[in-house]
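Residues per chain, in single letters:
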Amino acid sequence: MGAWELLLVGVVMLLGLCGVLVPGVPGPWLVWAAVLWWALQDPNGLAWSILVGASVVLLAAQAVRWQLPPRRLRESGATRRMAFFAGTGALLGFCVLPLIGAIPGFIGGIYTGERLRLGGHGEAVTATRTAMRMGGTSVLTELFACLLIVGAWIGAVFWG
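Residues numbered from 1 in each chain as written. Predicted model: local features only at pLDDT ≥ 70, side-chain atom pairs only at ≥ 80, totals over all residues. Heavy atoms only, no water.

## Describing helix α2 (residues 27-41)
Next, step 1: Counted at 1.5 Å a residue, the expected span for α2 with its 15 residues is 21 Å, and the 21 Å between its end C-alpha atoms agrees.
Next, step 2: Along α2, the positions that sit buried rather than exposed are Gly 27, Pro 28, Val 31, Ala 34, Val 35, Trp 38 and Ala 39. Taken around the axis of α2, the buried residues stretch over an arc of 135°, which confines them to a single face.
Next, step 3: Taken together, the buried residues of α2 touch α1 (3-21), α3 (45-67) and α6 (121-159). (Helix = DSSP H or I, 4+ residues; strand = E, 2+ residues; numbered from the N terminus. Expected span 1.5 Å × (residues − 1). Buried < 20%, exposed > 50% of the residue type's maximum accessible area, 1.4 Å probe, protein only. Arc of directions from axis to C-beta. Contact = heavy atoms within 4.5 Å.)

Here you go:
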């Protein structure tokens with residue numbers, strides 16, 4: 001697979017990561033489709049292993065999401081700005097501390113966005129708790145699963 005094709009696969013994965021944060025966009029399935037495209041274009045054992053692993057991770061994330069309360073983020077006062085901060089925080093946390101850094105990064109991103117919007121620590125903590133209860137956990141589950149898949153793909157491309 002050439003560099004341009006790998007870049008396109010990466011762009012589709014990035015769109016999938018952004019799609020997790022936007023209601024109505026099938027973000028996890030875009031990430032899975034990008035892995036499928038890569039595995040079909042570069043058929044080797046590692047590529048197929050990543051595809052199988054991505055399928056298992058996404059199915060597990062869906063099973064966890066079904067156990068969580070439904071998303072009601074709009075009712076909690078969540079904005080696109082908060083989603084941006086949460087996604088950016090998760091991505092930065094994932095890069096700084098691979099695998100587990102996405103979770104504190106996501107929550108820290110929500111807190112940072114709310115702190116900037118509301119001004120005080122107490123109000124930001126309350127808003128962060130409300131956002132996580134109203135659907136943030138569901139979004140975090142999908143985002144974490146997609147980040148795991150993207151991380152595995154990046155590792156396979158560079159070191160595989």
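## Let's talk about the pattern of salt bridges
Next, step 1: Summed over all chains, the structure comprises 2 salt bridges.
Next, step 2: With its nearest N and O atoms 2.6 Å apart, the salt bridge here joins Arg 65 to Glu 142. A residue pair is termed long-range when its members are at least 10 positions apart, and Arg 65 in helix α3 and Glu 142 in helix α6 qualify at 77 residues.
Next, step 3: We classify Arg 65 as partly exposed; its relative accessible area is 24%. (Salt bridge = Lys/Arg side-chain N within 4 Å of Asp/Glu carboxyl O.)

## Structural notes on the packing of aromatic side chains
Next, step 1: The tally for this structure, following the rule as stated, stands at 3 aromatic pairs.
Next, step 2: Between Trp 38 and Trp 153 the ring centres are 6.5 Å apart and the planes differ by 90°, which places this aromatic pair in the edge-to-face class. With Trp 38 in helix α2 and Trp 153 in helix α6, the pair connects residues that are 115 residues apart, well separated along the chain.
Next, step 3: Residue Trp 153 is classed as buried on the basis of its relative accessible area, which comes to 8%. (Phe/Tyr/Trp six-rings, centres within 6.5 Å; stacked < 30°, edge-to-face > 60°.)

## Observations concerning the UniProt feature "transmembrane region" (unreviewed entry) in the protein
Next, step 1: As annotated by UniProt and renumbered to match this structure, "transmembrane region" (unreviewed entry) occupies residues 43-61, 82-107 and 139-159.
Next, step 2: End C-alpha atoms of residues 139-159 are separated by 30 Å, and the span's content is 100% helix alongside 0% strand. (UniProt positions renumbered as here; feature names shortened; annotations may be inferred.)

## Comments concerning the environment of Val 11
Next, step 1: Its place among the elements puts Val 11 in helix α1.
Next, step 2: Residue classification places Val 11 among the partly exposed positions, given a relative accessible area of 39%.
Next, step 3: The sequence separation of Val 11 and Gly 109 amounts to 98 residues, and the corresponding C-alpha distance is 23 Å.

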